[in-house]
Amino acid sequence: MNITLRQLQVFEKVARRLSFTHAAQELYLTQPAVSMQIKLLEDNLGLPLLERLGKKLYLTEAGREIYRLSRTIASQLQETEQVLEAIKGTEGGTLTISVVSTVHYFAIRALANFCKSFPKVRIDLKVTNRQGLLRLLEENATDLALMGKPPADWDLIAEAFMDNPLVVIAPPGHTLCQQQEIPLAKLEKETFLIREQGSGTRGAVESFFKRKGLSISGSMEMNTNTAIIHGVAEGLGLGIVSLHTIQRELDDGRLVILNVDSFPLMRKWYLAHRSGKKLSHAAEAFKTFVKEHAWEFMDHAPEKTGRA
Ligand code: PGA
C-alpha cells in the first residue's frame, strides 16, 4: 500500500462527518483539495471507500476498515504528541478540552485565568451539547471534558467540581414575577423556550417534570443556552437555565429568577476524561487548576441566588 498519513487524516475527517464540506472546513482546505486526497487514497488502494446514495454519503466495507485504521493512527499520534509534550514540560503543549455549551461561560473565564499562569499552553476548546461531547469522548477526540453528570456505565474518571443550579427565568414584568412559591403545576400553562434534543439541561428538566407527573410545553426550541437567555429577555417565553450563565442579565435587570416550588434544580458540573487516557501536562495542570480555583471565577455562589 502506498498510502500517506495526510490521505488518512483527510479521510478520517470525511468519514467521521460523512461530509466533504465539513471535513474541508475542519481542515481549512477547499472541497476540491479534500476530494483529491480521497481520490488518491482510493486509487492507491484500488477500492472505493465512499458511496453516494441520493444526497447521503456512506462508507463502503473497505471505507469502514480504513476509517478504523485512520482513527487508530490519529489517536496514537495524539498520544505520542502528548508524551512528547510531557517530556518538554508543563510550560508549553496543547490543552484539548471540550465543554457542554452551558459550561462555556465558566470555561472561558477559567481558561483566561489559567493562561495567565501557563501562557505558553495552546488551547483547543470545543463547545457542544451533551450528546456531542459524549461523542468526542467516545472518539478519544478530547483530553478533558467539563459536563453534567457523566453516564454511570462509561469508563471515565469524573469528579464533580461545582454545583450547577438550574433556575426558572422570566423577563421583568412577567405576571409570575411578583408571586412567591409558584406551584410547579402552574408552569404547565406557560410557554417555555427549550434546548435541543441532546442537551443535558433539557434532559434534566424533562426527567424532573416527568418524575413530578407534569410536562411543560416547549413550543420554541433553540440550540444554544445564549439564544434561550436572549429569547426570554425579549419576552418570548420562560426558560430553565443554569444560574451560572445569567449573571450579566440579572445584573442589568433584563431577567429575573422566578420563585418556583422545588427550584433551583440542583445539578453538578463534572471534570471528566477517559480512564487510561494519558493526559498531557497541560491537561493535568488545568485539571488541578479547575479543582482548586473553580469558585473564584463565578460571580454567583448558589447561596447568593437572587429571587424576583
Ligand atoms: P447542555 O449540558 O449544555 O448540553 O445542556 C449541560 C449539562 O449537562 O449540565
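Structural notes, computed from the coordinates. What you see is a predicted model; the values in this text were computed from it and never measured. For every chain, the first residue of the written sequence is number 1, and numbering continues from 1 along that sequence. This being a predicted model, a pLDDT of at least 70 is required before a residue's local features are given, and a value of 80 or more before pairs of side-chain atoms are given or counted; all residues contribute to the totals for chains, interfaces and linings. Each side-chain value is derived from all of the structure's non-hydrogen atoms; neither hydrogens nor water enter the calculation.

1. Looking at the overall build of the protein chain
Stage number 1. When you go through the protein chain residue by residue, the secondary structure sums to 10 helices and 11 strands.
Stage number 2. Residue burial is assigned from relative accessible area. The probe radius is 1.4 Å, only protein chains are included, and a residue is buried under 20% of its type maximum, exposed over 50%, and partly exposed in between. Out of the 308 residues belonging to the protein chain, those deemed buried represent 48%.
Stage number 3. All accessible areas in this document rest on Shrake-Rupley with a 1.4 Å probe, and a residue is counted as covered only by the protein chains that are shown. Summed over all atoms, the accessible surface of the protein chain reaches about 15700 Å², with 51% contributed by carbon and sulfur.
Stage number 4. The sign given to each residue is positive for Lys and Arg and negative for Asp and Glu; His and the chain ends receive no count. Here the site of a charge means atom NZ of a Lys, CZ of an Arg, CG of an Asp or CD of a Glu. Positive and negative side-chain charges in the protein chain, numbering 38 and 35 respectively, have mean positions lying 2 Å apart. Each helix is a run of H or I in the DSSP string that is no shorter than four residues. Each strand is a run of E no shorter than two, and both are numbered from the N terminus.

2. A few points about unusual backbone geometry
Stage number 1. The omega torsion of the bond from F263 to P264 falls at 0 degrees, within 30 degrees of zero and hence cis.
Stage number 2. Take P264: it is sitting in the loop between β10 (256-257) and β11 (265-274).
Stage number 3. A positive phi angle is found at E181, which is not glycine, with a value near 45 degrees.
Stage number 4. Assignment of secondary structure puts E181 in the loop between β6 (156-170) and β7 (191-195).

3. Considerations on empty space enclosed by the protein
Stage number 1. Only protein atoms enter the 1 Å grid, on which a cavity is a set of points fitting a 1.4 Å probe that cannot get out and a pocket is an open set with protein on both sides within 12 Å along at least 5 of 7 lines, lining residues being those with an atom within 4 Å of a point. Grid points are joined across faces, edges and corners, and a volume is the space filled by probe spheres set on the points. Taken as a whole and assessed by the stated rule, the structure comprises 2 cavities of 30 Å³ or more.
Stage number 2. Volume-wise, the largest cavity comes out at about 100 Å³.
Stage number 3. Lining the largest cavity are 13 residues; nearest its centre among them are V100, T102, G200, T201 and R267.
Stage number 4. In this classification, the charged set is Asp, Glu, Lys and Arg, the nonpolar set is Ala, Val, Leu, Ile, Met, Phe, Trp, Tyr, Cys and Pro, and all remaining amino acids, among them Gly, are polar. Here the lining of the largest cavity is built from residues that sort into 2 nonpolar, 8 polar and 3 charged.

4. What about helix α7 (residues 200-211)?
One turn of the α-helix equals 3.6 residues, which is why residues spaced by three or four share an orientation.
Stage number 1. The span you would expect from a helix comes to 1.5 Å times its residue count less one. The terminal C-alpha atoms of α7, which comprises 12 residues, lie 16 Å apart, in line with the 16 Å expected from a rise of 1.5 Å per residue.
Stage number 2. Inspection of α7 places G200, T201, R202, A204, V205, F208 and F209 among the buried residues, and these make up the whole buried set.
Stage number 3. Where α7 starts, the residue carrying a side-chain oxygen 3.2 Å from the main-chain nitrogen of T201 turns out to be S199. Polar contacts, as used here, are pairs of N or O atoms within 3.5 Å; protein pairs need one atom able to donate a hydrogen and one able to accept it. Residues neighboring in sequence count only if both atoms are side-chain atoms.

5. Topic: the packing of helix α2 (residues 20-27) against helix α3 (residues 31-45)
Stage number 1. The convention used is that axes are lines fitted to C-alpha atoms, helices contributing only their stretch in contact, and that angles between N-to-C directions extend from 0 to 180 degrees. Remark: α2 packs on α3, axes separated minimally by 9 Å, with the N-to-C direction vectors making an angle of 105 degrees. Between α2 and α3, the angle is such that the two are roughly perpendicular. Between α2 and α3, the contacting residues are F20, T21, A23 and A24 on the first element and Q31, V34, S35 and I38 on the second.
Stage number 2. By residue class, the composition of the contact of α2 with α3 is 5 nonpolar, 3 polar and no charged. Just so you know how the angles are binned, under 35 degrees is roughly parallel, over 145 roughly antiparallel, 65 to 115 roughly perpendicular, and the rest oblique. Contacts are assigned to residue pairs with any non-hydrogen atoms lying within 4.5 Å of each other.

6. What about the site of the ligand?
Stage number 1. Any residue with a heavy atom positioned within 4 Å of a molecule or strand is treated as near that molecule or strand. Taken together, V100, S101, T102, N129, R130, G148, N164, R195, S199, G200, T201 and R267 make up the full set of residues adjacent to the ligand.
Stage number 2. Separating an oxygen atom of the ligand from a side-chain N or O atom of S199 is a distance of 2.8 Å.
Stage number 3. In this structure, an oxygen atom belonging to the ligand sits 2.9 Å away from a main-chain N or O atom of G200.
Stage number 4. In the complex, 100% of the free accessible area of the ligand, which totals 280 Å², lies under the protein chains.
Stage number 5. Taken atom by atom, the bulk of the ligand overlaps the largest cavity.
Stage number 6. When its residues are assigned to classes, the shell around the ligand shows 1 nonpolar, 8 polar and 3 charged.
Stage number 7. Delimitation of the domains relies on an automatic or database domain assignment. Counting contributing residues per domain, the shell around the ligand is built from domain 2 (84-162 + 268-302) and domain 3 (164-266), each supplying no fewer than three. To decide whether a molecule occupies a pocket or cavity, check its atoms: if more than half lie within 2 Å of the grid points, it is inside.

7. A look at the layout of surface pockets
Regions of empty space are outlined by a rolling probe, equal in size to a water molecule, passed over the atoms.
Stage number 1. For the largest pocket, the calculated volume is near 1400 Å³.
Stage number 2. Forming the boundary of the largest pocket are 39 residues, of which K13, R16, E26, K126 and A141 lie nearest the centre.
Stage number 3. Secondary-structure elements contributing two or more residues to the lining of the largest pocket are α1 (5-17), α2, α4 (61-88), β3 (94-100), β4 (122-128) and α6 (130-138).
Stage number 4. For the lining of the largest pocket, a count of residues per class yields 12 nonpolar, 11 polar and 16 charged.
Stage number 5. Shared between two domains, the lining of the largest pocket takes at least three residues from each, and those domains are domain 1 (5-73) and domain 2 (84-162 + 268-302).

8. What to know about the nonpolar core
One recurring pattern in soluble globular proteins: nonpolar side chains tend to sit buried together.
Stage number 1. Here, the term nonpolar core denotes a set of buried Ala, Val, Leu, Ile, Met, Phe, Trp, Tyr and Cys residues that are joined through side-chain atoms within 4.5 Å. Among the nonpolar cores identified, the biggest contains 34 residues, and L95, F106, L144, L146, M147, F161 and F286 are the most heavily contacted of them.
Stage number 2. At the level of elements, β3, α5 (104-117), α6, β5 (144-147), β6, β11 and α10 (281-293) are the ones that each hand at least two residues to this core.
Stage number 3. With 6 residues, α10 is the largest single contributor of residues to this core.
Stage number 4. Look past the residues within four positions of M147 in its chain and what remains in contact with it is V100, R130, L133, L134, L137, K268, W269, Y270 and A272.
Stage number 5. In this structure, V168, L176, L214 and I240 belong to the second largest nonpolar core, which totals 23 residues.

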